[in-house]
Amino acid sequence: MTQRKSKADRRLDLIDAAHRAMIQHGAEGVHLNQIAEEAGLTSGAVLYHYPDLRELLIEAHHAGMERFYERRMRKISGVSDPAEKLIITIRSGLPDGPDDAGVRLLCELGGAAGRNRVYATLLTTLFDRQVSMYQTILETGAAHGFFTLTQDSETIARNLVALEDAYGYRIIARHHSIDPDRAVELILDYARLATGNPLRPTDRR
């Protein structure tokens, strides 16, 4: 006998369906019926869980962004070496490949941000949180003698996030000479100059 899903599980399924629909139809162009089709439900069933479609879309965006801050913070929480923390953080900020659904969704969101104030606010908040994340690593490393920063920590952190965004987009766009491994090395090249640390990668990801 098939177990009935809880309301919370159903809402998670709808968030996943909204992700897929937005990637396929655009962050602004997605419609209720398209989300319902992705979820295998009627439009009425979607509205039962989310009477306001905008709430579902915003939750979907929040869930996609969680990967690029909360998950990364958890990933480095047990690491004491600032250099290793920096390497892990850089690696985890890039797409797995051109079909990475989470990054494709962020690209869709970025395209709509100039016309949608809510999306612009979400992206700005994510950027600022990632900058703060990098700043903490850089300042801790400098305080303990691991890094010799060539600029203030905020400038370096902003450049690191900007490089993630730029190379992430190139990976999604299937640039012929930039894959995830190459992008990591290019960003690490800048980080080495900015921190004075050789930042030798390990196998840990």
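Residues numbered from 1 in each chain as written. Predicted model: local features only at pLDDT ≥ 70, side-chain atom pairs only at ≥ 80, totals over all residues. Heavy atoms only, no water.

The name an unreviewed UniProt entry gives the protein chain is TetR family transcriptional regulator, with Microbispora amethystogenes as the organism.

### Some points on the overall build of the protein chain
Along the protein chain, the regular secondary structure elements total 10 helices and 0 strands. Mapped in sequence order, the helices and strands of the protein chain form the string α-α-α-α-α-α-α-α-α-α. Seen through its C-alpha atoms, the protein chain measures out along the principal axes to roughly 60 × 35 × 30 Å. Looking at the protein chain as a whole, 41% of its 205 residues are labelled buried. Pairs at least 24 apart in sequence give 68% of the contacts found in the protein chain among residues at least 6 apart. A total of about 11,200 Å² of accessible surface is found on the protein chain, and carbon and sulfur atoms cover 49% of it. Charged side chains of the protein chain number 26 positive and 28 negative; the gap between the two group centres comes to 2 Å. (Helix = DSSP H or I, 4+ residues; strand = E, 2+ residues; numbered from the N terminus. Buried < 20%, exposed > 50% of the residue type's maximum accessible area, 1.4 Å probe, protein only. Contact = heavy atoms within 4.5 Å. Areas by Shrake-Rupley, 256 points an atom, 1.4 Å probe, with all protein chains shown as cover. Lys, Arg positive; Asp, Glu negative; His and termini not counted. Charge placed at Lys NZ, Arg CZ, Asp CG, Glu CD.)

### Concerning the packing of aromatic side chains
Two measures describe an aromatic ring pair: the distance that separates the ring centres and the angle between the ring planes. For the coordinates displayed, the defined rule picks out 0 aromatic pairs. Between the NZ or CZ atom of Lys 7 and the centre of the ring of Tyr 48, over which it lies, the distance is 5.7 Å. It is Arg 11 that lies over the ring of Tyr 50; its NZ or CZ is 4.1 Å from the centre. (Phe/Tyr/Trp six-rings, centres within 6.5 Å; stacked < 30°, edge-to-face > 60°. Lys NZ or Arg CZ within 6 Å of the ring centre and 35° of its normal.)

### Examining the UniProt feature "domain: HTH tetR-type" (unreviewed entry) in the protein chain
With numbering matched to this structure, UniProt assigns "domain: HTH tetR-type" (unreviewed entry) to residues 8–68. Taken as a whole, residues 8–68 contains 77% helix and 0% strand, while its terminal C-alpha atoms sit 23 Å from one another. (UniProt positions renumbered as here; feature names shortened; annotations may be inferred.)

### Thoughts on the side chain of Ser 153
Within the secondary structure, Ser 153 is located in helix α9 (residues 153–172). The exposure class assigned to Ser 153 is buried, which follows from its relative accessible area of 10%. Within the structure, Ser 153 has its side chain in polar contact with the side chain of Glu 139 (distance 2.6 Å). Setting aside residues no more than four positions away along its own chain, Ser 153 makes contact with Gln 135, Leu 138 and Glu 139. (Polar contact = N/O pair within 3.5 Å; in protein donor to acceptor, adjacent residues only side chain to side chain.)

### With respect to the nonpolar core
Residues Ile 35, Leu 56, Leu 86, Ile 90, Tyr 134, Leu 160 and Leu 199 are the most contacted members of the largest nonpolar core, which totals 57 residues. At the level of elements, α1 (7–25), α2 (32–39), α4 (53–66), α6 (82–91), α7 (101–113), α8 (117–143), α9 and α10 (180–195) are the ones that each hand at least two residues to this core. In terms of residues, this core owes the most to one element, α8, which gives 8 residues. With residues near it in sequence (within four places) discarded, Leu 56 still touches Leu 14, Ile 15, Ala 18, Ile 35, Val 46 and Tyr 50. (Core = buried A, V, L, I, M, F, W, Y, C linked by side-chain atoms within 4.5 Å.)

### What about the environment of Ile 137?
Here Ile 137 shows up in helix α8. Owing to a relative accessible area of 5%, Ile 137 belongs among the buried residues under this scheme. Beyond its immediate stretch of four places on either side in the chain, Ile 137 contacts Ile 76, Pro 82, Lys 85, Leu 86, Thr 89 and Phe 147.

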